[in-house]
Amino acid sequence: MMNTLELESVRYEINGRKILSDVYLKMETGKVTALAGRNGEGKTSLFRIMYGTLVPETGAVFSNKVRLSKQAYKIEGLISFLPQVSFIPGYLRIAAVFNLFSVPMDDLLAFFPEFRYREKQRFGDLSGGEQRLLEAFLVIKAPTLFTILDEPFTHLMPVHVERLMEVITAEKQRKGFLIADHQLQQVLALSDSFYYLRAGIVTQTDAAILVDTFGMYR
Ligand SMILES: Nc1ncnc2c1ncn2[C@@H]1O[C@H](COP(=O)(O)OP(=O)(O)OP(=O)(O)O)[C@@H](O)[C@H]1O
């Protein structure tokens with residue numbers, strides 16, 4: 001069964017400045033949806049409104065066309081979110097972190113065997129890139145219908161980006177993704193549908209227009 005998660009008629013302002021005006025956006029299971037936009041256009045704000053940690057002036061989130069009665073993140077199994085900033089406490093050991101997210105360590109080792117025998121290491125002792133990789137992996141694998149990824153490839157080395165893209169493609173069989181990342185080539189390769197956010201307006205677009213707008217090799 002295909003599931004949808006939609007933002008409808010969302011208006012959001014900060015100190016009287018319009019960030020989002022009458023925004024519509026749809027996520028679907030089985031699809032990766034991309035949101036493109038320059039720095040500061042409001043992508044993170046839109047993600048937080050969808051997730052439920054930011055309250056807009058108007059608008060709502062609909063799951064399979066039914067308006068949510070509470071924030072999306074409070075509904076078990078509905079949505080996971082990778083924010084731009086680190087969110088896992090450094091004192092936790094890797095094994096404990098995987099337990100918390102209900103993700104088996106073996107799932108990680110299948111894609112990233114370099115973490116074998118490191119279960120007892122504390123999360124805070126990993127390199128910045130390794131921490132980012134594990135956070136992205138856990139959110140992607142979390143047992144939810146939908147996942148939002150805010151710049152998942154930032155700080156990752158190219159081989160990890162490639163493998164993380166494989167994880168997303170595999171998980172897409174059962175969930176829907178919404179992704180923003182400045183690595184346009186990767187986003188284009190992964191995504192099935194595209195939106196563009198500019199001056200508060202979200203429009204549906206396609207890969208060719210995004211390449212024209214942002215350039216492939218900036
Ligand atoms: N608490 C705040 N007070 C004032 N302005 C804010 C606040 N939070 C966000 N903004 C502004 O709102 C706009 C949208 O921010 P947002 O983080 O949603 O953009 P973004 O598209 O995700 O940017 P980036 O690609 O750089 O992450 C930005 O111009 C930002 O400066």
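Residues numbered from 1 in each chain as written. Predicted model: local features only at pLDDT ≥ 70, side-chain atom pairs only at ≥ 80, totals over all residues. Heavy atoms only, no water.

**Student:** How would you sum up the sheet that holds strand β3 (residues 32–36)? Please name residues and give values.
**Tutor:** Across the sheet, 6 strands lie side by side as β6-β7-β8-β3-β9-β10; this open sheet has mixed pairing. Two strands lie at the open edges of the sheet, namely β6 (79–82) and β10 (201–205), each paired on one side alone. Taking the axes of each pair of neighbouring strands and ignoring which way they run, one obtains an average angle of 20° across the sheet. Where strand β7 (residues 146–150) meets strand β8 (residues 176–180), 5 bridges bridge the pair, whose relative direction is parallel. Opposite Asp 150, over in β8, you have Ala 180 as the bridge partner. (Pairing = 2+ DSSP bridges. Helix = DSSP H or I, 4+ residues; strand = E, 2+ residues; numbered from the N terminus. Axes fitted to C-alpha atoms, helices over the stretch in contact; angles between N-to-C directions.)

**Student:** Kindly report on the site of the ligand, identifying the contributing residues and their values.
**Tutor:** What surrounds the ligand is a group of 14 residues, the closest being Gly 40, Lys 43, Thr 44, Ser 45 and Gln 84. Contact distances for the ligand include 2.8 Å between an oxygen atom and a backbone N or O atom of Gly 42. With respect to the ligand, the side chain of Gln 84 contributes an N or O atom lying 2.7 Å from an oxygen atom. Summarising the interface, the protein chains cover 61% of the accessible area of the ligand, which totals 650 Å² for the free molecule. When contributions to the shell around the ligand are tallied by element, the ones reaching two or more residues are β2 (17–28) and α1 (43–51). Per-element accounting of the shell around the ligand gives the leading share, 3 residues, to α1. Along the lines of polarity and charge, the residues of the shell around the ligand split into 2 nonpolar, 7 polar and 5 charged. (Near = heavy atom within 4 Å. Polar contact = N/O pair within 3.5 Å; in protein donor to acceptor, adjacent residues only side chain to side chain. Areas by Shrake-Rupley, 256 points an atom, 1.4 Å probe, with all protein chains shown as cover. Nonpolar A, V, L, I, M, F, W, Y, C, P; charged D, E, K, R; others polar.)

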